[in-house]
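Structural overview for review
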Amino acid sequence: FGIRMRLFLATALPAILAISVLLQGFLTRHERILTETLNEHAQGMARQAANAAEFALFAGSQSALQRLAEGARASDQHAAVVSFWSPSGELIAAAGQLTYGQRLPAFESAQPLLVNGRLLARVPIWATEWTESDLFSAATLPAQPAADGRRLLGHVLVELELDILQRQRGELLTWALIATGS
């Protein structure tokens, strides 16, 4: 190495290293925020489908559940699968190609699961019970919002494709490199 190359490395290398560390930190933070947002989106979509499917599960209408699954899947471009399951884990209706096949994946329903590039969110569907103290009083919901004492009607499983995460990561990296390179 000549003196010019050594001088260039001495001046440019710290700046390049600082930019690369800051860029990596920014990308990691952005990916974490986007993943949290997708988790919330998947949980929200599953809760919405669970609320819509309560009566169809109570009535045992497989055709209504199939229409709900297809409608929920069609309403979101990232939804790969929307499926409804019995309390015992048997598939009732589904729209899309299931990751786990004909069995309900066992994972905690409060936290979405990442499997094969898909984000899985499962929500239990509980029977809503109305209580009345007498004939002339207004009907009220139970005081406890928890599932204690209520009947489990089934589960809804939503699978979201994470291609948006990969695409946005690539776009962000491209823009960051363009911004730091100029």
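Please refer to the structure higher up on the page.
Residues numbered from 1 in each chain as written. Predicted model: local features only at pLDDT ≥ 70, side-chain atom pairs only at ≥ 80, totals over all residues. Heavy atoms only, no water.

1. Brief notes about the pairing of strand β1 (residues 79-85)
Where burial is concerned, most of β1 is hidden: seven out of the seven residues are buried. For β1 and strand β5 (residues 152-161), the ladder comprises six bridges, and the chain directions are antiparallel. Along β5, the bridge assignment pairs Ala-79 with Leu-160. Examined bridge by bridge, β1 and strand β2 (residues 91-95) share four bridges and lie antiparallel to one another. Pairing of Ser-83 across the sheet is with Ala-94, part of β2. Between β1 and the antiparallel strand that follows it, β2, lie five residues; Gly-89 among them carries a positive phi value of about 95 degrees. (Buried < 20%, exposed > 50% of the residue type's maximum accessible area, 1.4 Å probe, protein only. Helix = DSSP H or I, 4+ residues; strand = E, 2+ residues; numbered from the N terminus. Pairing = 2+ DSSP bridges.)

2. Some words on the pattern of salt bridges
In total, this model carries three salt bridges according to the counting rule given. In this structure, the salt-bridge partner of Arg-32 is Glu-36, at a minimum N-O distance of 3.9 Å. Here Glu-36 and Arg-32 lie together in helix α1 (residues 3-59), a separation of four residues that amounts to about one turn. Note on Glu-36: relative accessible area 42%, which makes it partly exposed. Among the salt bridges present, the one from Arg-118 reaches Glu-161, with a minimum N-O distance of 2.9 Å. Of this pair, Arg-118 sits in strand β4 (residues 118-126) while Glu-161 sits in strand β5; the two residues are 43 residues apart in sequence, bridging distant segments of the chain. Looking at Glu-161, the relative accessible area reads 29%, which means it is partly exposed. When salt bridges that share partners are traced, they join Arg-118, Glu-159 and Glu-161 into one network. (Salt bridge = Lys/Arg side-chain N within 4 Å of Asp/Glu carboxyl O.)

Honestly, that's just the spatial picture; any functional story needs more than this.
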